[in-house]
Each structure stands twice: as structure tokens, then as C-alpha cells.
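Chain residues, written in single-letter form:
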Amino acid sequence: MRITIDRDISTPVYRQIADQIRDLILSGEFGPGRRLPAERKLAESLGVNRSTIINAYGELQASGLVESRFGRGTTVLAAPLGSPPAGDRQAAPLPWRQFFGETAGRTREPLLRDLMELAGREDIISFAAGIPAPETYPLDAFREIQDQVLRDHGRAALQHSPTEGHLPLRETICQIMHARGVNCSPDEILVLSGSQQGLDLAARVFVDQGDVVLVEEPSFFCAVQVFQTSGARVIGVPLDEGGVRLDVLETLLSRYQPKFVYTLPTFQNPSGVTMSLERRLALLELAYRYQVPVLEDDPYGELRYEGKFVPALKALDRNGYVIYLSTFSKVLFPGLRVGWMVAPRPVARQFALARQLVDLHSNTLAQWLIDGFFRRGLFDVHIAGVRRENERRRNTMQLALGRKAPPGFRFNRPEGGLYLWCTLPSGMNGSRLLAHATEHGVTFVPGEPFYAGGQGQDHIRLNYSYLPPDRIEEGVARLVTVIRESTSHGREMPAGVVPGMMPIV
Ligand code: PMP
């Protein structure tokens, strides 16, 4: 089969392969019933990883052009497009990708989905997803609360609830915010289906095609992707150990008039950096001077294991410029999908209007349950246990890396949050390392997606909260082996032979 791969273009290799096979099928060159080469064989002949071929065949199957059966390989299903469906012959399958809009075209590889899928596999040790320790989930309390809610308020708890959120939960969130130094009222709060939804709404409400959004660099990759997908021109502002660099920020504010600045001031994802108090105050002054909203994302503020508390930007904001996002995903668990936004009333209202078009409101029962947990006064004891466990796991990972990591591998020592941000030995590429690491049963998030401009190849992010200490030790051992092997391979392999992997696995 004639397939050419161009590693200098941004189209992932698996998609290049799928596109060329699709053309062969749609042109009729590969007729129905034709068997495609075995995955391993094709991978060898093209010099790519087998998972690349699996992904390519997966795409063709999703568009209905081929079918894969266990033991029979992958065969062409389609009559070529354009050939008339005669009699009872099946109509040609739709080439779905031709129908996708521009926005879909801007969506990058489903990195998170693939990594989450791997996180669920028993043979894979996942340092990828930012999930709290499942052993800390307060299952008994939630079982009891659910019984009580369904018994006493079942009909209301299974009804629609306001788009802005279940009022008692919004009152509870006001209390949570009060403890974080923010005075607000329920009408400044929008309960979200995860704080990820707040990022999407910010893009919907603020961004027109070509608008500039400033983000820290590196920054949370899903946020970067959401803003880019909405058509924003996302520009990165570098960080140093005190937070976002204000000298660069000011230049960009004056040059671009951005729609907003997105920042993660506390235990930044991925770098772990916490912005100093002075920097926070100066950042707000810049926002006031240049009249730019600040979108503060704070999922990790409660997860401090040592060091001095620093107030949220929202708590320091005298003029209502800060839109604040937070979530229960990192302090309880992510599955109920409940987060929230605190914003000036007109903003909260506009976000609620935009949100109504998406999912009407967050899951009503989930809101009752979380509210019940706080109203029973269970959160303080719970979060103290979560902090202890996270700290133990962070220390385990740092010790294991300290003992075993090869020369040139460096990692940070954040005072809280869920991640270590690591620098690879010189010349090593995190995305390629991921492909190799997955084969050795360990995953992480490579650095590249955290950079709007595509740098970060020499970094990886490791989560330490999800796995118990013995698995962390084992995962670090696997990772270290892979890094050592890659260091020696890197010297042996000519550049062109190293498979040009996108960070999908
Ligand atoms: N913001 C940041 C910085 C995050 O790290 C995450 C989760 N990794 C989210 C938002 C989204 O969290 P959720 O949607 O689960 O509330």
C-alpha cells in the first residue's frame, strides 16, 4: 500500500494514514471486502508505532468505512462514495469528517480522553489525570445523605433546578467563599457542571474570532484548548517562581487589549507556582489600569500542605474585575461534575444565559448531595484527611524520584496541589517519551499541550494524588527505566527513525 508520512506537518501521523486509506476506499481502488494489512505489519513497514495504526483504523471504523473483527482483521465495508445505491444495496457511508464545522477542525487530539481511558486500565500506572485519591472519597457519608435526600426531598431533588444553581448550595458556596476571604451573595454565583464549563462559558461570552486572550505559560491545557477552539488568539505570558511575569504582561496588555487574562495563581497547573501576594496586588493594578477582566481559576487553593496561605485574587479585588472559578472535583471527587463561578452580577447573568443553551442546569441531585455534605459539617475533617494523604503521596513521589531519577531529570517541590512539574534530560521529548512509556505501563501528560505556542517538549507533568504509595514507587521505577532507555536510544537512532508521535496513546 502506498502511504507517505510527512513528519513536518502538524497533522498527526495516524490521521495522515487514515486519510490516505480513506481516499483509496472512496476512489474505489480498495473495494468492499478487501482486507487491510495487519496492524503490526503496516506499522513495521511505515516505521511507526502499532498504536498509530490502531488509531488510524479506529478512525476509518468510526466513519463506517471498515470493520474490524477479532481474528479476521480489518476489512473495507463501503461501496465507494458516489456509486449509485442500486436496488437494495446499502447507501455509501457518510464521510463524516467532511461535515464537521471549523470549530471541530480546531479541536486538538483527544489527549485527555485517551489518558483518562488509560488511567482506568489496571496494567497501566497513570500519573496523568489530576484525580484525588479514591480512597479518600467519603462514600458512607454520601450514601447516607443520598438516602435522606431521596426520602425527604426526592421529588425536588430529581426535578429541574435553576440554571444559576440550587439556592441552598449557592448559599453554602457563599460560606465557602467567605472562608476564602470573599464576600459575595448567591446571585453572584453560578453553579457549573465542573469548572471546565466555566472556561467554555468564558470563551462563549467574551471571545469573538481573533480576539486575544492572555494565559500563563505554561497553563492548564484544557483551558488553552477551549480558548483556541473558540477562535481566540491565545498568547502566553511566561511565569517565574513568583507567578506570571508582569513586565511581559504589561507589554501585552498595552499592545493587544485582550478580552481577559486567565490565571491560576495558587498551585498553578502544571508548574505548581503560587503567585506572591505582591504580584497578585500588582496584577490587579494592571488589570484596573488597562481595564481588562481577570479569569481566576482556583481548583487547588484548599490543597496546601505547607507554607503560608496567600489570598485569592478575588479576595483582593476592590473593583469587581475578577471572575473566579473553583470546583469540588479536587477536594471531594470529580464524578458528580459540580463546580462554580463567582462574578459580578451582570457577568453571572450573561454566563447563565449562555449556559442555558448548553445544559440548562447542573445535575440537581448532585447539588443536593454536595450541599448536604457541607451542611452536616463534614467537609473540614474530610479535607484535612485529603491534605494528609496528598502530602504523603507527594513525598513518596519526590523521594522515589530523588533516589532513582537519571542525571538531567529535575522536578519541583510545590507546597500544595496535585502535580510535580518535571524537566527531562537535555534533548528528550516528552511526547515521544509518552509513547515509549505507555508500552512500559506508565503514563503522564507531556509538556507540549500546556504551551499555547507549542514549546514545552522538554517537560512532563506527574500527578501524585491518584495512586497509593506502592504504585507510585512502581510507576517511578518504570518511568526511570523508560527515561534511561530513551537516553541511550536517542543517541543511537537517527532523528528520522524516531516515530513522530502526537501525544496520543
Ligand atoms: N481548571 C483547572 C486548572 C484544572 O486543573 C481542572 C481539572 N484538571 C479544571 C479547571 C476542571 O475541573 P472540573 O471541570 O473537574 O471542575
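Here, every reference points to the structure presented above.
Here the residue index of a chain counts from 1 through its sequence in written order. Under the rules for a predicted model, residues below a pLDDT of 70 receive no local features and side-chain atom pairs below 80 are neither given nor counted, while totals for whole chains, interfaces and linings still include all residues. Side-chain calculation: all heavy atoms of the structure are included, whereas hydrogens and water are not.

> So what about the packing of helix H10 (residues 246–256) against helix H11 (residues 277–290)? Which residues, and what values?
Structural elements are reduced to axes, namely lines fitted to C-alpha atoms, with helices fitted over the stretch in contact, and the angle between N-to-C directions of any two is expressed from 0 to 180 degrees. Where helices and strands are cited, they refer to DSSP runs of H or I of at least four residues and of E of at least two residues respectively, numbered from the N terminus. Close contact between H10 and H11 brings their axes to 11 Å; oriented N to C, the two are set at 10°. On the basis of the axis angle, H10 is roughly parallel to H11. Of the residues in H11, those in contact with Leu 246, Leu 249, Glu 250, Leu 253 and Ser 254 of H10 are Arg 279, Ala 282, Leu 283, Leu 286, Arg 289 and Tyr 290. Put simply, angles under 35 degrees are roughly parallel, angles over 145 are roughly antiparallel, angles from 65 to 115 are roughly perpendicular, and the rest are oblique. The criterion used for residue contact is that any of the two residues' heavy atoms lie within 4.5 Å.

> If you had to explain the pairing of strand E5 (residues 212–217) to someone new, which residues and values would you point to?
Extensive coverage of E5 is indicated by the burial of six of its six residues. Where E5 meets strand E6 (residues 233–240), six bridges bridge the pair, whose relative direction is parallel. Opposite Val 212, over in E6, you have Arg 233 as the bridge partner. With strands facing away from the observer, any crossover in which the path from the first strand over the helix to the second runs clockwise is taken as right-handed. After leaving E5, the chain enters helix H9 (residues 221–229) and then returns to the sheet as E6, a path that is right-handed. A pair of strands counts as paired when DSSP detects no fewer than two bridges linking them. Here E5 pairs with strand E8 (residues 260–263) via three bridges, running parallel. Across the sheet, Leu 214 pairs through a bridge with Val 261, a residue of E8. Partly exposed residues are those whose accessible area sits between 20% and 50% of the maximum for their type, while under 20% is buried and over 50% is exposed, using a 1.4 Å probe and protein chains only.

> Account for the packing of helix H1 (residues 13–26) against helix H3 (residues 50–62), with residues named and values stated.
Between H1 and H3, whose axes approach to 8 Å, the crossing angle comes to 45°. Compared by their axis directions, H1 and H3 come out oblique. Crossing of H1 against H3: the hand is right-handed. Contacts from Val 13, Tyr 14, Arg 15, Ile 17, Ala 18, Ile 21 and Arg 22 in H1 reach Thr 52, Ile 53, Asn 55, Ala 56, Tyr 57, Glu 59 and Leu 60 in H3. In terms of residue class, the contact of H1 with H3 is built from nine nonpolar, two polar and three charged. Helix crossings fall into two classes, left-handed where the near helix is turned counterclockwise from the far one by less than a right angle and right-handed where it is turned clockwise. We call Asp, Glu, Lys and Arg charged. Ala, Val, Leu, Ile, Met, Phe, Trp, Tyr, Cys and Pro are nonpolar, and the rest, Gly among them, are polar.

> I'd like a rundown of the pairing of strand E11 (residues 339–342), residues and numbers included.
Burial of the side chains of E11 extends over both faces: Gly 339 and Met 341 are buried on one face and Trp 340 and Val 342 on the other. In this structure, strand E4 (residues 189–192) lies alongside E11, joined through four bridges in antiparallel fashion. By the bridge assignment for E11, Ile 189 is matched with Val 342.

> Account for unusual backbone geometry, naming residues and giving values.
Between Glu 217 and the following residue, Pro 218, the backbone shows a cis peptide bond with an omega angle of 5°. As for its position among the elements, Pro 218 is in the loop between E5 and H9. The phi torsion at Leu 360 lies on the positive side, around 60°, for a residue other than glycine. Relative to the elements of secondary structure, Leu 360 occurs in the loop between helix H13 (345–356) and helix H14 (364–375). Its relative accessible area of 43% is what places Leu 360 among the partly exposed residues.

> Please set out the sheet that holds strand E9 (residues 294–297) residue by residue, giving values where relevant.
Backbone hydrogen bonds are what pair the strands of a sheet, in a parallel or an antiparallel way. A sheet is described by the order of its strands in space; here eight strands give the open sequence E4-E11-E10-E9-E8-E5-E6-E7, paired in mixed fashion. Bordering the open sheet on either side are E4 and strand E7 (243–244), each of which pairs with just one other strand. Pairing of E9 with strand E10 (residues 322–327) involves four bridges; the strand directions are parallel. Paired with Val 294 across the bridge in E10 is Val 322.

> Give me the lowdown on the site of the ligand, citing residues and values where you can.
It suffices for a single heavy atom of a residue to lie within 4 Å of a molecule or strand for the residue to be listed as near it. Contacts to the ligand come from 13 residues, most closely from Ser 195, Asp 297, Tyr 300, Thr 327 and Ser 329. Asp 297 is positioned such that a nitrogen or oxygen atom in its side chain is 2.6 Å from a nitrogen atom of the ligand. Within 3.5 Å is the distance limit for a polar contact, defined as a pair of N or O atoms, with the added protein rule that one can donate a hydrogen and the other accept it, and that residues adjacent in sequence qualify only through two side-chain atoms. Within the side chain of Thr 327, one N or O atom sits 2.5 Å away from an oxygen atom of the ligand. Shrake-Rupley sampling with a 1.4 Å probe provides the accessible areas, and residues are treated as covered by the protein chains on show and by no other component. Considered on its own, the ligand offers 400 Å² of accessible surface; in the complex 92% of this is hidden by protein. Of the residues belonging to the shell around the ligand, the class tally is four nonpolar, six polar and three charged.

> With reference to specific residues and values, describe the nonpolar core.
In a soluble, globular protein the nonpolar side chains are often hidden away together inside. Residues Phe 127, Ile 173, Phe 328, Met 397, Phe 444 and Leu 462 are the most contacted members of the largest nonpolar core, which totals 68 residues. What makes a nonpolar core is a set of buried Ala, Val, Leu, Ile, Met, Phe, Trp, Tyr and Cys residues whose side-chain atoms join them at distances within 4.5 Å. Ranked by size, the runner-up nonpolar core spans 38 residues in total, among them Leu 192, Leu 199, Ala 202 and Met 341.

> Outline H11, supporting the account with residue identities and numerical values.
With 14 residues, H11 ought to run about 20 Å at 1.5 Å a step, and its terminal C-alpha atoms sit 20 Å apart, in line with that. All of the buried residues along H11 are Arg 279, Arg 280, Leu 283, Leu 284, Leu 286, Ala 287 and Tyr 288. Once H11 finishes, Gln 291 follows within two positions and takes phi at roughly 55°, a positive value. Here the expected length of a helix is defined as 1.5 Å per residue gap, with one fewer gap than residues.

> Run through the pattern of salt bridges, naming residues and quoting values.
Criterion for a salt bridge: a side-chain nitrogen of Lys or Arg within 4 Å of a carboxyl oxygen of Asp or Glu. In the structure shown here, the tally under the stated rule is 29 salt bridges. For Arg 279, the salt bridge identified is with Asp 240, shortest N-O distance 3.0 Å. Taken together, the residues span a long stretch of sequence, with Arg 279 in helix H11 and Asp 240 in strand E6 at a distance of 39 residues. In this structure, a network of salt bridges that share partners links the residues Glu 135, Glu 389, Arg 392 and Arg 393.

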